[in-house]
Amino acid sequence: MSVKKSVSVLGLGSMGTALADALLMAGYRVTVWNRTPGRADGLVERGAHRAGSVSEAVAAGEVVIVCILDYADVGALLEQGGRTALKGRVVVNVTNGSPEEARAMAERVTALGAEYLDGGIMAVPEMIARPEAFVLYSGSCEAFETHRGVLDAFARSVYLGADPGLAPLNDLALLSGMYGMFGGFLHAAALVRSAGAPVAEFTSSLLAPWLRAMSGGLPEMAAQIDSGDYSVTGSPLAMQVSHDSIGDVSRAQGVSPELFAPLFALMKRRVADGHGAEGIAGVVELMHKHSAR
Ligand SMILES: NC(=O)c1ccc[n+]([C@@H]2O[C@H](COP(=O)([O-])OP(=O)(O)OC[C@H]3O[C@@H](n4cnc5c(N)ncnc54)[C@H](OP(=O)(O)O)[C@@H]3O)[C@@H](O)[C@H]2O)c1
């Protein structure tokens, strides 16, 4: 019978608890530590071992998962573990931070003698260990390959590369896409409600199928952004901005167009710059200049 690895979890908020539970469910030997010790009680009842200190927790786990609120506190927390305890360990930090913070943390942890992976959890705690969840990782490839079994207990594991900043960057890019969709949904919901119609029926029968159909066009837009060639389009920007129908009708209905207005302004600017015959994907050029172009 193979002996399962020992994994430690530092930080038992709602996400850390879900991660520790997933490890227990997968049969790992789990040691837990939380700043407020009482938060570990439930996990201990479910089979986890309680560590009395950070260094005890770090020493107990071949893999050390860190999941606390603020990235700024992670370094000091791990340093409490001490160089001796950290040596030879793999630290997987799934606390949300920036790419720069991740790169600095990788250097700090490596200097303490451990390997480092940064993680971005694309799930809420209830989704952990369910098929729709995935977690982005970047940093040590060897650590990812060696401990992939542990990481797969949380969700589908996606390794993005050796630069530790890749996981947080992609995490934030995915959230940007999500908030864009939420913004569109909120504007659509306000318009429908302004006409006295139920938003639930509109959403299930019309909006969700429409968004699914429109998302089918994203790969082609992405290819245009990669190539810088926005010439092929069935919906030229000049046509799309010829009238501010969404803004005008929203105002007439008593709905604020403030979520849509910034995108419309960029589309108009792109047309004014001479790109009216091109597609909407070219708007990205106003947001970020491609260095090779
Ligand atoms: N929840 C989500 O939906 C979700 C989704 C994706 C990613 N995340 C990320 O997961 C991380 C944790 O989120 P959460 O939802 O678990 O938060 P949470 O429920 O608010 O728990 C926060 C945890 O951080 C600990 N903590 C805060 N400051 C600390 C410090 N200075 N030293 C040691 N421990 C400290 C808390 O300890 P105490 O119990 O002692 O206060 C607690 O265990 C965050 O970076 C978050 O962005 C969360």
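Everything quoted here is computed from the prediction, not taken from an experiment. (Residues numbered from 1 in each chain as written. Predicted model: local features only at pLDDT ≥ 70, side-chain atom pairs only at ≥ 80, totals over all residues. Heavy atoms only, no water.)

Asks: I'm lost on the overall build of the protein in this one. Help?
Replies: Of the regular secondary structure elements, the protein holds 15 helices and eight strands. Structurally, the protein occupies a C-alpha span of about 65 × 50 × 35 Å along its principal axes. Considering the protein as a whole, with its 293 residues, one finds that 39% of them fall into the buried category. Carbon and sulfur atoms make up 60% of the accessible area of the protein, which amounts to about 15,500 Å² in all. (Helix = DSSP H or I, 4+ residues; strand = E, 2+ residues; numbered from the N terminus. Buried < 20%, exposed > 50% of the residue type's maximum accessible area, 1.4 Å probe, protein only. Areas by Shrake-Rupley, 256 points an atom, 1.4 Å probe, with all protein chains shown as cover.)

Asks: Can you walk me through the packing of aromatic side chains in this structure?
Replies: Between two aromatic rings, the relevant description is the distance of the centres plus the angle of the planes. Applying the stated criterion across every chain, the model contains four aromatic pairs. Taking the centre distance of 5.8 Å and the plane angle of 45° together, the rings of Tyr137 and Phe144 count as tilted. Looking at Tyr137, the relative accessible area reads 0%, which means it is buried. Looking at Phe144, the relative accessible area reads 1%, which means it is buried. By way of ring pairs, the aromatic residues Tyr137, Phe144 and Tyr159 are connected into one cluster. Of note, Lys4 hangs over the ring of Tyr28, and the distance from its end group to the ring centre comes to 4.6 Å. (Phe/Tyr/Trp six-rings, centres within 6.5 Å; stacked < 30°, edge-to-face > 60°. Lys NZ or Arg CZ within 6 Å of the ring centre and 35° of its normal.)

Asks: Just to check I follow, could you spell out the pattern of salt bridges for this structure?
Replies: Pairing of side chains with opposite charge becomes possible as their charged atoms draw close. Throughout the structure, instances matching the rule amount to 10 salt bridges. The partner of Glu79 in a salt bridge is Arg108, and the shortest N-O contact between them spans 2.9 Å. With Glu79 in helix H4 (residues 74-81) and Arg108 in helix H6 (residues 99-111), the pair connects residues that are 29 residues apart, well separated along the chain. For Glu79, a relative accessible area of 37% corresponds to the partly exposed category. Of the charged contacts, one joins Arg130 and Glu132 as a salt bridge, the two residues approaching to 3.1 Å between their closest N and O atoms. One salt-bridge network, held together by shared partners, links Glu100, Arg103 and Asp163. (Salt bridge = Lys/Arg side-chain N within 4 Å of Asp/Glu carboxyl O.)

Asks: Which parts of the structure should I look at to understand the domain arrangement of the protein?
Replies: Interfaces are often sized by the accessible area lost when the parts come together. Taken as a whole, the protein is organised into domain 1 (6-169) and domain 2 (216-287). Centre-to-centre, using C-alpha coordinates, domain 1 lies 41 Å away from domain 2. (Domains from an automatic or database assignment.)

Asks: Which parts of the structure should I look at to understand the environment of Val94?
Replies: Note on placement: Val94 falls in the loop between strand E5 (90-93) and H6. Considering only alpha carbons, one finds Val94 and Tyr71, 23 residues apart in sequence, at a separation of 9.2 Å. Beyond its immediate stretch of four places on either side in the chain, Val94 contacts Leu19, Ile65, Val66, Cys67, Gly119 and Ile121. (Contact = heavy atoms within 4.5 Å.)

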